[in-house]
Amino acid sequence: MVASPKGLGPDKDCTGKGQQLIQNTDPSSRQRGIQTRERLRCVRNWELQVHFKVHGKGKELYGDGFVIWYAKDRMVAGAVFGNMDYFQGLAVILDTYSNHNGPHNHQHPYISAMINNGSLHYDHDRDGTHTQLAGCEAKFRNLDHDTHIAIRYERDTLTVSTDIENKAAWKECLSVQGVRLPTGYYFGMTAATGDLSDIHDIMSVRLYELDLPDDPKEEEDRSQISPSAAFFESPRDHVEDPKPSSLSGIKIFLLMLVGTLAVIACVVIGIMFYQKHQENSRKRFY
Ligand SMILES: [Ca+2]
């Protein structure tokens, strides 16, 4: 991830300071991240707009993607696109590589949203489809024009929109009501590559606080609540990966051979027993 982030809005009322993004780099891995330096304590309704570019040489094989976070903990290197699993908060996942085993019916790249109170595991092998609130396909990779994503959290409704068709207009990807997010979390972004590579650039990040004077919940203290979502996408059947057969071809052949020999032996013994029995019967008659 190469980042030259600009322009996060001020966290007014609370710290009074402007917010900056800082970059986390771990040279020992292929995971990178950036995040806000301080918690945004008082921003209750907000919109985050990210100008990004995902590109690379791979035409068929590339990955894995990046995540925009609104999370309780500062970035801890981990398995979910460079951040920790069992996180608390919101993840908007821009997944470019299809790992799925078992059927899901969407193509990649795919954008999905996940809310976690710290108890859920992000299952890479199923592209997170068992824990996502909603998602959409979005062909945002290797485009010559600018690509943007907007995450809007307003009156407990989470809406993710994209501007990736060079039309300078937002197109809704997903919208979910009944999402409760605490205040005071960190915004951040992480990207990761696995066996495949790609380049994830964050060109700019802009955070807008939405002023909603008529929002009755505006006064509620949300600093201590746990992230939750009232509606999840109905989970698809959880299909276990096929277990590798414990019997090799040679073993199966030998077992069949032994079985066949056993059947032949039974038949031969049966015939001999029958003949012996017949012989004995004849002896008795004479
Ligand atoms: Ca994936």
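Residues numbered from 1 in each chain as written. Predicted model: local features only at pLDDT ≥ 70, side-chain atom pairs only at ≥ 80, totals over all residues. Heavy atoms only, no water.

Undergrad: Provide a residue-level description of the state of the cysteines, including the pertinent values.
TA: One pass over the full model with this rule turns up one disulfide. For cysteine 136, the disulfide goes to cysteine 173, at an S-S distance of 2.1 Å. Looking along the S-S bond of the cysteine 136-cysteine 173 disulfide, the torsion reads about -110 degrees, which is the left-handed sense. Remark: cysteine 173 occurs in strand E11 (residues 171-176) and cysteine 136 occurs in strand E8 (residues 134-137); sequence separation between them is 37 residues. Here the two residues cysteine 136 and cysteine 173 agree in accessibility, since each one is buried. (Disulfide = S-S within 2.5 Å. Helix = DSSP H or I, 4+ residues; strand = E, 2+ residues; numbered from the N terminus. Buried < 20%, exposed > 50% of the residue type's maximum accessible area, 1.4 Å probe, protein only.)

Undergrad: Tell me about the UniProt feature "transmembrane region" (unreviewed entry) in the protein, and name the residues and values.
TA: According to UniProt, the feature "transmembrane region" (unreviewed entry) maps to residues 252-274 in the numbering used here. Split by type, residues 252-274 is 100% helix and 0% strand. Its first and last C-alpha atoms lie 33 Å apart. (UniProt positions renumbered as here; feature names shortened; annotations may be inferred.)

Undergrad: Go over the coordination of the calcium ion with me, naming the residues and quoting the values.
TA: Taken together, the protein ligands of the calcium ion are Asp95 (OD), Asp95 (OD), Tyr97 (O), Asn99 (OD1) and Asp127 (OD), with distances of 2.3 to 2.5 Å. Here the donor residues for the calcium ion map to a single chain with the spacing D-x1-Y-x1-N-x27-D. Residue asparagine 99 is classed as partly exposed on the basis of its relative accessible area, which comes to 22%. (Donors = N, O, S within 2.8 Å, 3.2 Å for Na, K, Ca; no water.)

Undergrad: Residues and numbers for the nonpolar core, please.
TA: With 41 residues, the main nonpolar core has Trp46, Ile68, Leu90 and Ile111 as its most contacted residues. It is strand E4 (residues 46-55) that provides the largest number of residues to this core, a total of five residues. Apart from residues no more than four positions distant in its own chain, isoleucine 68 is found in contact with Leu48, Val50, Leu90, Ala91, Val92, Leu94, Ile149, Ile151, Gly188 and Met189. Counting eleven residues, the second-largest nonpolar core is a separate cluster that includes Ala71, Met75, Ala91 and Tyr122. (Core = buried A, V, L, I, M, F, W, Y, C linked by side-chain atoms within 4.5 Å. Contact = heavy atoms within 4.5 Å.)

Undergrad: Any chance you could break down the packing of aromatic side chains for me, citing the residues and the numbers?
TA: In the structure shown here, the tally under the stated rule is nine aromatic pairs. Taking 5.6 Å as the distance between ring centres and 80 degrees as the angle between the ring planes, the aromatic pair formed by phenylalanine 52 and phenylalanine 140 counts as edge-to-face. One end of the pair, phenylalanine 52, is in strand E4; the other, phenylalanine 140, is in the loop between E8 and strand E9 (147-154), and 88 residues separate them in sequence. When its relative accessible area of 1% is taken as the criterion, phenylalanine 52 is described as buried. Phenylalanine 140 gets classed as buried once you look at its relative accessible area, which sits at 1%. Between tyrosine 70 and tyrosine 185 the ring centres are 5.3 Å apart and the planes differ by 35 degrees, which places this aromatic pair in the tilted class. With tyrosine 70 in strand E5 (residues 65-71) and tyrosine 185 in the loop between strand E12 (179-180) and strand E13 (186-192), this residue pair connects regions lying 115 residues apart in the sequence. No difference in accessibility class separates tyrosine 70 from tyrosine 185, as the two residues are buried. (Phe/Tyr/Trp six-rings, centres within 6.5 Å; stacked < 30°, edge-to-face > 60°.)

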